[in-house]
Amino acid sequence: MGPIMGTTVELTIEKLVAGGDGLAFNDGIAVFVPMTIPGERVLVELEEYRKDWVRGNVLEILEASPDRIGPACPYFGSCGGCNLQHVDYRRQLELKAAIVEESWKRVGKVDAPGFSVVASVPYAYRSRMQFHVDDEGRIGFMRGSSSLPEPVETCPVAVEPIRTWIERMASSGKSRLPMSPWTQPGARFMVFSPERSGDRVFIEGRDGDVTAQVRGRPMRFHVKGFFQSNLYLFDLLVAAATSDLGGGHALDLYCGVGPFASFLADSFESVTAVEHDPFAVEYARMNAGGRGEFLAQSAEDWTTSDSAKSRFDAVVCDPPRSGLSERVRSWFREAKPPVVSYVSCDPVTCARDVGDLVRSGYSIDWMKVFDFYPQTSHVELCVRLVAGI
Ligand SMILES: C[S@@+](CC[C@H](N)C(=O)[O-])C[C@H]1O[C@@H](n2cnc3c(N)ncnc32)[C@H](O)[C@@H]1O
């Protein structure tokens, strides 16, 4: 029989796991406790019992970690956007490195190569955010504990133009948006600012194209489409993923609006870029100045196309959080492109895929981890793999 729900227990947090929860054990059963820090002794109410683990809620911090700090945001704990604001930023970087290493061992069954986590500015970094509209027409972010929005009147992780926009809406009594189809209760919309200061904010439903600079090069995209949200570190990620690559033919798999393809086109004779969103592909073609072949199809369908039979000298792949599907992994095993830069926003699926590539003959040259999302447990990784001879 499992533990009784509602029971309170004293636990010591052993480590943070992917997703950012603290892990402790109660009578040998794993208990996941949000907003804790390794080493802390906490009084926990056992809340939700699953097959072989329990979710716990902290009632009291009995012995606080020296790394515990007061959160900068009044919504911390209720807004689902950040889950590490209670941890000193330096310690956040160490804890995230430990999460990456653990994922590689447990899921990838490979040792992570030596790496450090490249820090960001810890606040005022986020250029792209999704807002939700609540029943009263107020804007906010999704709560951590439910699928309801938490209305907000500020956000310290937003770049200054977005934070100022939120605060201006609230102080002028306009946090209730003018009614339009995209601001009805229950609606959600993207906001992007290409600047770190100033007041230029692009809003889905009101605005269209945005131009952001990546390594000094303009990248155009639609405000509702995908673009990286930490422009401070994106330059470094693009530089790392494309570093020391050059030659005949490159592939940018999951190219989005083409930031990697655009730079690969500088050092390769030809570039093929694949992306399933046809609108993004149009922007990618434009952003690369038409240099390359841009294919609007899923990576899975592409693997059985004639294009996939070409010889690629290098591949940059940047899949969504779910990582590479079995069909795409199987293409890598058979095509064996000599060099792969695997960019990922999820250490767990990245570890699974890299483990698979290593067992099919690749070796890991290096890994860089970028703290794209300070105050949250998320990171961005770039792994360079080299095919064995
Ligand atoms: C993490 S984003 C990377 C985009 C781009 N590399 C960038 O940095 O801006 C992943 C991209 O993969 C696309 N995508 C998701 N699933 C896909 C699939 N099965 N086949 C092709 N593209 C896919 C998404 O539309 C998105 O543009």
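Refer to the structure printed above.
Bear in mind that the values here come from a model prediction, so they are computed numbers and not experimental data.

Colleague: Break down the overall build of the protein for me, citing the residues and quoting the values.
Modeller: When helices and strands are counted, the protein shows eight helices and 21 strands. Dimensions of the protein, computed from C-alpha atoms along their principal axes, come out at roughly 60 × 50 × 35 Å. Within the protein, residue pairs in contact and separated by at least 24 positions form 59% of the contacts whose partners lie at least 6 positions apart. Taking the 41 positively charged and 51 negatively charged side chains of the protein as two groups, their mean positions are separated by 2 Å.

Colleague: Break down the site of the ligand for me, with residues and values.
Modeller: Surrounding the ligand, one finds 17 residues, the nearest of these being Tyr 254, Glu 275, Ala 299, Glu 300 and Asp 318. One of the backbone nitrogen or oxygen atoms of His 276 is found 3.2 Å away from a nitrogen atom of the ligand. Contact between the ligand and Glu 300: a nitrogen atom at 2.9 Å from a side-chain N or O atom of the residue. When the ligand is considered free in solution it has 600 Å² of accessible area, and contact with the protein chains removes 88% of it. Split into classes, the residues belonging to the shell around the ligand amount to nine nonpolar, five polar and three charged.

Colleague: Talk me through the sheet that holds strand E2 (residues 15–16); I want residue IDs and the actual numbers.
Modeller: What the six strands build is an open sheet, ordered E1-E5-E6-E4-E3-E2; its pairing is mixed. Unpaired on one side and paired on the other, strand E1 (8–12) and E2 mark the two borders of the sheet. Inspection of the sheet shows strand E3 (residues 22–26) paired to strand E4 (residues 29–33) by five bridges, in the antiparallel sense. The residue bridging Ala 24 from the neighbouring strand is Val 31, located in E4.

Colleague: With reference to specific residues and values, describe helix H2 (residues 160–171).
Modeller: Across its 12 residues, H2 extends 16 Å between first and last C-alpha, which sits within 8% of the 16 Å expected from 1.5 Å per residue. Listed as buried for H2 are Pro 161, Ile 162, Trp 165, Ile 166, Met 169 and Ala 170.

Colleague: Run through the packing of aromatic side chains, naming residues and quoting values.
Modeller: Per the stated rule, a full pass over the model turns up 15 aromatic pairs. Measuring from ring centre to ring centre gives 6.0 Å for Phe 192 and Phe 227, while their planes differ by 75°; the resulting arrangement is edge-to-face. Here Phe 192 is found in strand E11 (residues 188–192), whereas its partner Phe 227 is found in the loop between strand E14 (217–222) and helix H3 (231–242), with 35 residues between them in sequence. Side by side, Phe 192 and Phe 227 carry an identical accessibility label, which is buried. An aromatic cluster of at least three residues, connected via ring pairs, comprises Phe 192, Phe 221, Phe 227, Phe 234 and Phe 260.

Colleague: Can you explain helix H7 (residues 326–335)? Please cite residues and give values.
Modeller: In an α-helix there are 3.6 residues to a turn, and that puts residues three or four apart on one side. Inspection of H7 places Val 328, Arg 329, Trp 331 and Phe 332 among the buried residues, and these make up the whole buried set. In an axial view of H7, the angular spread of the buried residues amounts to 155°, which keeps them on one side of the axis. In this fold, the buried residues of H7 make contact with strand E15 (247–253), helix H6 (299–302), strand E18 (314–317), strand E19 (339–344), helix H8 (347–359) and strand E20 (362–370).

Colleague: Could you give an account of the packing of H3 against helix H4 (residues 259–267), with specific residues and numbers?
Modeller: Where H3 meets H4, the closest approach of the two axes is 10 Å, and the angle between their N-to-C directions is 50°. For the element pair H3 / H4, the angle class is oblique. Once H3 is placed against H4, the crossing between them reads as right-handed. Contacts from Phe 234, Leu 237, Val 238, Ala 241 and Thr 242 of H3 reach H4 at Pro 259, Phe 260, Phe 263 and Leu 264. Of the residues in the contact of H3 with H4, the class split is eight nonpolar, one polar and no charged.

Colleague: So what's going on with the packing of H7 against H8? Residues and values would help.
Modeller: Direction vectors running N to C along H7 and H8 enclose 30°, while the axes themselves pass 10 Å from each other. Between H7 and H8, the angle is such that the two are roughly parallel. Read as a crossing pair, H7 and H8 show a hand that is right-handed. Note on element contacts: H8 touches H7 through Arg 352, Asp 353, Asp 356 and Leu 357, opposite Arg 329, Phe 332 and Arg 333. The class makeup of the residues in the contact of H7 with H8 is two nonpolar, no polar and five charged.

Colleague: Lay out the sheet that holds E11 with the relevant residues and their values.
Modeller: What holds strands together in a sheet is hydrogen bonding between their backbones, with the strands either parallel or antiparallel. The sheet built from five strands is open, its strands ordered E10-E9-E8-E11-E12 with antiparallel pairing. Each edge of the open sheet is held by one strand with a lone partner, namely strand E10 (149–151) and strand E12 (202–203). Note that strand E8 (residues 128–133) and E11 share five bridges and pair antiparallel. If you follow Gln 130 over to E11, its bridge partner there is Met 190. Running at roughly 20° to E8, H2 makes contact with E8, strand E9 (139–142), E11 and E12 of the sheet.

Cut-offs and rules
Residues numbered from 1 in each chain as written. Predicted model: local features only at pLDDT ≥ 70, side-chain atom pairs only at ≥ 80, totals over all residues. Heavy atoms only, no water. Helix = DSSP H or I, 4+ residues; strand = E, 2+ residues; numbered from the N terminus. Contact = heavy atoms within 4.5 Å. Lys, Arg positive; Asp, Glu negative; His and termini not counted. Charge placed at Lys NZ, Arg CZ, Asp CG, Glu CD. Near = heavy atom within 4 Å. Polar contact = N/O pair within 3.5 Å; in protein donor to acceptor, adjacent residues only side chain to side chain. Areas by Shrake-Rupley, 256 points an atom, 1.4 Å probe, with all protein chains shown as cover. Nonpolar A, V, L, I, M, F, W, Y, C, P; charged D, E, K, R; others polar. Pairing = 2+ DSSP bridges. Expected span 1.5 Å × (residues − 1). Buried < 20%, exposed > 50% of the residue type's maximum accessible area, 1.4 Å probe, protein only. Phe/Tyr/Trp six-rings, centres within 6.5 Å; stacked < 30°, edge-to-face > 60°. Arc of directions from axis to C-beta. Axes fitted to C-alpha atoms, helices over the stretch in contact; angles between N-to-C directions. Parallel < 35°, antiparallel > 145°, perpendicular 65-115°, else oblique. Left-handed = near helix turned anticlockwise from the far one by under 90°.

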